[in-house]
Amino acid sequence: MELNGPALRFDDVHFRYRAASAEAVAGVSLAVMPGETVALLGPNGAGKTTITRLAMALRHPTAGEVRSAGRSTTGLAPEQLADAVGYLFQQPESQLSERSVAAEVSFGPRQLGWSEARIAEATAAVLDRLELGPHAERHPYDLPVPSRRVVALAAALVTAPALLLLDEPTAGLDRGTARLVHGVLRSEARRGAAILAVSHDPEFVAEVLGRAVVLAGGSIVDDGPVTEVLARGGGDRLPLPAYAEAVRRIGLSPAGPSLDDAAAALSAHCRGSG
């Protein structure tokens, strides 16, 4: 699905949970373009998950407008965005309901009325990308927790959505599985998908996401390139990854916060020192 404008747009959005004394989202304006990768950062209770739920029409603004994949969410149910928006819950294994991995991944396309041939092709492709092919006929709950979470991600990716909303996509993953997820999400961005991800994982943010939006008290308090936002640090913001911080502490200035940036800075330093 190609979009002419933002994949996600918030225009002065407010939201308050029933009986809450303060707004969970207070006047947020935000645009995420196709192919853009954005981290939502901030302390617990800052409004990060609420932002993703508003974007998926799981909640609706009390004021302002949300547009996801070019559609106003006003009056929409989540399933009406399922062809264009993929959502990964904070505890993604809780969204698994089918009796096999293949059935779980093909559930969304089947509800959208895709042909069986198209469903089979798309399901096989995403299972292969996420190294789930050997487990296609296994029950998702027979897999270890990291693999269950990858199954939920596969279900979010199978329709090639224009917008991906990810809530802690690397939580609970071992290093190898996390690196696999990093690569797949970078590939999604290259094909033009917009990614908005809540994360407390500094390596994921540094390696995959290009922009960081920091929330506090339901409002945006910082917005800029990941490199700059992480370097500013402070408060409950995400720290630099350990390898980037180690390089910084020995007085080097890498081009960015990723492992490749740190390695390049260290290599240049070693060459320069003979």
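None of these values were measured; they are calculated from a predicted model.

Caption draft 1: Representation of the environment of Ile220 in the model. Topologically, Ile220 is positioned in strand β10 (residues 219-225). For Ile220, a relative accessible area of 30% corresponds to the partly exposed category. Expressed as a C-alpha distance, the spacing of Ile220 and Gly42, which sit 178 residues apart in the sequence, is 9.4 Å. Contact partners of Ile220, with chain neighbours within four places excluded, come to Val28, Ser29, Leu30, Val213, Val214 and Leu215.

Caption draft 2: Region of interest: the packing of helix α4 (residues 145-157) against helix α5 (residues 175-190). Closest axis-to-axis distance for the α4/α5 pair is 12 Å, and the angle between their directions is 10°. For the element pair α4 / α5, the angle class is roughly parallel. The residues of α5 that touch α4, namely those facing Val150, Leu153 and Leu157, are Thr177, Val181, Val184, Leu185 and Glu188. For the contact of α4 with α5, the residue count by class is 6 nonpolar, 1 polar and 1 charged.

Caption draft 3: Region of interest: the sheet that holds strand β2 (residues 25-32). Pairing within the open sheet is antiparallel, and its 4 strands lie in the order β2-β1-β4-β5. Two strands in the sheet have a free side with no partner beyond their single neighbour: β2 and β5 (71-72). Direction of pairing for strand β4 (residues 63-68) relative to β5: antiparallel, over a ladder of 2 bridges. Within β5, the position partnered with Ser68 by the bridge is Arg71. The sheet strands contacting helix α1 (residues 48-55) are β1 (8-15), β2 and β4, and the helix crosses β1 at an angle near 120°.

Caption draft 4: Representation of α5. Across its 16 residues, α5 extends 23 Å between first and last C-alpha, which sits within 8% of the 22 Å expected from 1.5 Å per residue. Along α5, the residues classified as buried are Thr177, Ala178, Leu180, Val181, His182, Val184, Leu185, Glu188 and Ala189. Each element contacted by the buried residues of α5 is listed here: β3 (37-41), α3 (116-129), α4, β7 (163-167), β8 (194-198) and α6 (202-208). Its side-chain oxygen at 3.2 Å from the backbone nitrogen of Gly176, Asp174 defines the N-terminal cap of α5. The first or second residue beyond α5 is Gly192, which carries a positive phi of 115°.

Caption draft 5: Spotlight on the nonpolar core. By size, the foremost hydrophobic cluster in this structure holds 43 residues, and its most contacted members are Leu130, Leu153, Leu166, Leu185, Ile195, Val205 and Leu209. Formed by 32 residues, the second largest nonpolar core is a distinct cluster that contains Val13, Leu40, Ala46 and Met56.

How each quantity is defined
Residues numbered from 1 in each chain as written. Predicted model: local features only at pLDDT ≥ 70, side-chain atom pairs only at ≥ 80, totals over all residues. Heavy atoms only, no water. Helix = DSSP H or I, 4+ residues; strand = E, 2+ residues; numbered from the N terminus. Buried < 20%, exposed > 50% of the residue type's maximum accessible area, 1.4 Å probe, protein only. Contact = heavy atoms within 4.5 Å. Axes fitted to C-alpha atoms, helices over the stretch in contact; angles between N-to-C directions. Parallel < 35°, antiparallel > 145°, perpendicular 65-115°, else oblique. Nonpolar A, V, L, I, M, F, W, Y, C, P; charged D, E, K, R; others polar. Pairing = 2+ DSSP bridges. Expected span 1.5 Å × (residues − 1). Polar contact = N/O pair within 3.5 Å; in protein donor to acceptor, adjacent residues only side chain to side chain. Core = buried A, V, L, I, M, F, W, Y, C linked by side-chain atoms within 4.5 Å.

Don't take any of this as a statement about function, it's just geometry.
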